[in-house]
Amino acid sequence: MAGYRKLGRTSSQRKALLRNQVTNLIYHGRIVTTEAKAKEIRKITEGLIAMAVREKDNFEMVNVEQKVPKTDVDGKRVREVVDGKRQTVYDTVSKEIKKDSPSRLHARRQMKKVLYTVKEVPTEAAGRKKGTREIDLTNKLFDEIAPKYANRNGGYTRIIKIGPRKGDAAMEVVIELV
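This part covers the sheet that holds strand β9 (residues 171-177). Pairing in this open sheet of 3 strands is antiparallel, and the strands run β1-β9-β8 from one edge to the other. The sheet terminates laterally at β1 (30-34) and β8 (157-164), the two strands that pair on one side only. The mean inter-strand angle of the sheet, taken between neighbouring strand axes irrespective of direction, is 25 degrees. Note: β8 against β9, 7 bridges, orientation antiparallel. The partner of Ile159 across the bridge, within β9, is Ile175.

This is the structure we're talking about:
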């Protein structure tokens, strides 16, 4: 007996399907799918959330100084002449960033292996590139989902049966984050 469900697909199709559904579950919080798919999605999602819970506080805050070009009111770079050449003028800006520990970085890369990138498009600019932004689901896992489940030992998802599907009578379920 196999350790996983094949779902009537080739391995590449199955992997893409599961990655897509896990990504949507983490992004939306709940999805509707068949029972067999939901049980496979649950395994992957619970592993990712457990990894995020384990590594959620494993970072340090670091001050970084960076050179940033000065800009005028129009947003163009300020240039001045030095020794007959035009050079951009820079300001030094101090910024506080999170520096991941090696184990958290490894966890982040493992999550990126499973999750697809999500692009959020505003409704008024649908179909256009302007205003789209990429959502980092690994940050969402570490910053929003992991603190919510910090004192919980597993069982991060819930499967609720909603009845057979009309077309092929496959049992449909709602899988959601608890």
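Further remarks concern the environment of Ser94. The residue Ser94 is located in strand β5 (residues 90-100) in this model. For the pair Ser94 and Asn63, spaced 31 residues apart in sequence, the C-alpha to C-alpha distance is 6.7 Å. Look past the residues within four positions of Ser94 in its chain and what remains in contact with it is Val64 and Glu65.

Looking at the secondary structure, you find Tyr149 in the loop between α4 (137-148) and β8. The buried category is assigned to Tyr149, whose relative accessible area is 2%. Residues Tyr149 and Thr117, 32 residues apart in the sequence, show an inter-C-alpha distance of 23 Å.

Conventions and cut-offs
Residues numbered from 1 in each chain as written. Predicted model: local features only at pLDDT ≥ 70, side-chain atom pairs only at ≥ 80, totals over all residues. Heavy atoms only, no water. Pairing = 2+ DSSP bridges. Helix = DSSP H or I, 4+ residues; strand = E, 2+ residues; numbered from the N terminus. Axes fitted to C-alpha atoms, helices over the stretch in contact; angles between N-to-C directions. Contact = heavy atoms within 4.5 Å. Buried < 20%, exposed > 50% of the residue type's maximum accessible area, 1.4 Å probe, protein only.

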